[in-house]
Amino acid sequence: MTQEVPALALADITCRFAARDDASKAYTAVANATLNVARGEFVSVVGPTGCGKSTLLNVAAGLLEPSSGTVEVFGERLMAASGVNRRAGYMFQADALMPWRTGIDNVVAGLEFRGVPRAEAVSQGQAWLRRVGLAGFGDRYPHQMSGGMRKRLALAQTLILSPDILLMDEPFSALDVQTRQLMENELLALWAEDRKSVLFITHDLEEAIALSDRVVVLSAGPATRPIGDFRVDLPRPRDVSEIRMTPAFLDLHREIWAAMKEEVLKAYEQQKAI
Amino acid sequence: MRLRILQLLLLGLLIVAWYAMTAPGLIPPFYFDKANRAAFFFGEPQKVFWVIVDWFASGEIFPHLGITLLETALGFTIGAASGLGIGLWLALSPTASAITDPYIKGFNSMPRVVLAPIFAVWFGLGIWSKVALGVTLVFFVVFFNVYQGVREVSPNLIANARMLGASQRQLLRSIYLPSAMSWVFASLHNAVGLAFVGAVVGEYLGSSMGVGYLILQAEGTFDINTVFAGILVLTACALVLDSLVGVVERRLMTWQPKAGQTEKV
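All values derive from a computational prediction rather than experimental measurement.

### Regarding the domain arrangement of chain A
The extent of an interface is frequently quoted as the accessible surface area lost upon association of the parts.
All names here are of chain A.
Alright, step 1. In terms of domains, chain A is made up of domain 1 (8–87 + 167–273) and domain 2 (95–162).
Alright, step 2. Just the C-alpha atoms count here: the centres of domain 1 and domain 2 sit 26 Å apart.
Alright, step 3. On the side of domain 2, five residues touch domain 1, which itself brings eight residues to the contact.
Alright, step 4. Each residue belonging to the side of domain 1 that touches domain 2 can be placed in one class, and the counts come to six nonpolar, one polar and one charged.

### Quick notes on the sheet that holds strand β1 (residues 8–17) of chain A
All names here are of chain A.
Alright, step 1. Strand order in the open sheet made by the four strands is β2-β1-β4-β5, with antiparallel pairing throughout. The open sheet has two edge strands, β2 (27–37) and β5 (76–77), and neither has a second partner.
Alright, step 2. In this sheet, β5 lies alongside strand β4 (residues 68–73) in antiparallel orientation, the contact comprising two bridges. Paired with V73 across the bridge in β5 is E76.
Alright, step 3. Set on the sheet, helix α1 (residues 53–61) makes contact with β1, β2 and β4; between it and β1 the angle comes to about 120°.

### Points about the pairing of strand β3 (residues 42–46) of chain A
All names here are of chain A.
Alright, step 1. Judged by how many residues are buried, β3 sits mostly within the fold: five of five residues are covered.
Alright, step 2. Neither face of β3 is left uncovered, since the one carrying F42, S44 and V46 and the one carrying V43 and V45 both have all their residues buried.
Alright, step 3. Across five bridges, β3 lies against strand β8 (residues 197–202) in parallel orientation. The partner of V43 across the bridge, within β8, is L199.
Alright, step 4. As judged from the four bridges shared by β3 and strand β9 (residues 214–218), these two strands associate in the parallel manner. If you follow V46 over to β9, its bridge partner there is V217.

### Focus on the environment of L63 of chain A
Alright, step 1. Inspection of the secondary structure puts L63 of chain A in the loop between α1 and β4.
Alright, step 2. Taking the C-beta count within 10 Å as the criterion, L63 of chain A has 18 such neighbours and is therefore assigned partly exposed.

### Focus on helix α5 (residues 94–109) of chain B
All names here are of chain B.
Alright, step 1. With 16 residues, α5 ought to run about 22 Å at 1.5 Å a step, and its terminal C-alpha atoms sit 22 Å apart, in line with that.
Alright, step 2. The sharpest bend along α5 comes to roughly 50°, located at T100, with the proline P102 sitting one to four residues further on.
Alright, step 3. The element α5 is barely covered by neighbouring structure, given that only zero of its 16 residues are classed as buried.

### Comments concerning the interface of chain B and chain A
Alright, step 1. Contact with chain B, which involves 18 residues of that partner, is made by 21 residues of chain A.
Alright, step 2. The set of elements that each furnish at least two residues to the side of chain B that touches chain A consists of α8 (155–163) and α9 (168–205) of chain B.
Alright, step 3. With six residues, α8 of chain B is the largest single contributor of residues to the side of chain B that touches chain A.
Alright, step 4. Here the residues of the side of chain B that touches chain A sort into nine nonpolar, six polar and three charged.

Cut-offs and rules
- All residue numbers refer to position in the chain's written sequence, counted from 1.
- Chain letters start at A and ligand numbers start at 1, both assigned in the order the entries are written.
- It should be noted that, the model being predicted, local features are given only for residues of pLDDT at least 70 and side-chain atom pairs only at 80 or more, the latter also being counted only at that level, while totals for whole chains, interfaces and linings use all residues.
- What counts as a domain boundary in this text is fixed by an automatic or database domain assignment.
- It is the C-beta atoms, placed from the backbone, that decide contacts: two residues are in contact if theirs lie within 7 Å.
- Residue polarity follows a fixed list, in which Ala, Val, Leu, Ile, Met, Phe, Trp, Tyr, Cys and Pro are nonpolar, Asp, Glu, Lys and Arg are charged, and the others, Gly among them, are polar.
- Should DSSP find at least two bridges between two strands, the strands are regarded as paired.
- Secondary structure counts use DSSP, requiring at least four H or I residues in a row for a helix and at least two E residues in a row for a strand, with both numbered from the N terminus.
- Here, axes are lines fitted to C-alpha atoms. For helices the fit covers the stretch in contact, and angles between N-to-C directions go from 0 to 180 degrees.
- Any residue surrounded by 20 or more other C-beta atoms within 10 Å of its C-beta is treated as buried, while 12 or fewer makes it exposed and the intermediate range makes it partly exposed; C-beta atoms here are placed from the backbone.
- One less than the residue count of a helix, multiplied by 1.5 Å, gives the span that helix is expected to have.
- Note that the bend at a residue is defined as the angle between axes fitted to the seven residues ending at it and the seven residues starting at it.

Here you go:
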């Protein structure tokens, strides 16, 4: 298992952004970050707000070229210049559905881009709509759906391409608590079917522990890097709302929070100082 | 429905007021020194009406109206299409946009109606000088809206489409174009009106056909009733064209939320 090539390997990633008015005042969002995701592993990354979690994910997706460091996808070097990470699916924090396409047309967009014939794409799309509980909503436009439905639509849109790696950027942060737990359970159920590698970004430690095999804690920005790596040995299948009550969960939560607390306070102080 | 009745009532009221103020001898003249002066300057509604009826009954208006509408349609189509194309191109090519930026700003702030005499020299007194004027007016309205529309596409949407495997061409077709279209339709209502302005102003400056020509001729003989008849016919045509754009817009823009229809689950 340890000998295997990881699905995603971020090695020594540094990202600097030039300040708009003064090039010498570059902002280092991420510094010397190293992070591996094994095949079939569900890894969550937690950290204080504004610490560069999304930056790290954009690097993994190939949407952003790191200032230094390398990204390897199943052992192959990823170059942002030659395109995005083709083996990854990305679920964004904000709505990224095409508002001018109906539900079904949004779901099949990826297949359409790959030149799959329309009839086949639609039949696959309908199957995916059923799997995420949106059967019969295919002809609705996104604005006619609730926030939770739009998230499920986005999930179907990403998963229909059956990506080997799933990148998720706080996908459920905009949802209310009940809908969110439902979505988390649905995500776990879908994930259990074929065990993709998942890199899940969140600022919610409970969500991270409930979902993942491993939780990585990031330091406060600037120059974010991983400062803690915790294995979550809770049994699967899990129910995210029940597992939160178990003693093992609470112990883990205490342990990880102890590592995280200082960074959260640091980030808070920095934001107050500005 | 009530609203419609009130709207018609207002129209009736305006016509009655027009009639009352201009009918010679109906009320004593209070501004002009002679009873028929008001009619001379402002026309009389019933006479305007009969001019219009006569035009359509005799068929005299049709060739003129046809020419004006043809100029409008050509100016609108060419202007909107080139505005869309060049708007897309410049919005997606930062270098080209940076180079051409001052010229575009210059052309836009120029009162482009002054080009009409030059177009008359270049394209003659036929329809093409009017079409050219319409194109210059329509082009910039559509161009700026497309440019803005493409620039304002959510970066999330683009990143998402790229992650789903869209190529540059597919991005253009599935993201940029539909996104720009809502801005384009917002500008098309304006553009139709401007295409009309181009056609009529062109006709004023020199022509042998068209509703603008009819109006100019009538003005030359102080036939105010005919001038007003021409203005009313043009206004009606502009309204019809505008509602046609509205129909097309509703057909193509079904995805846009309408008030009171959002978040319906």
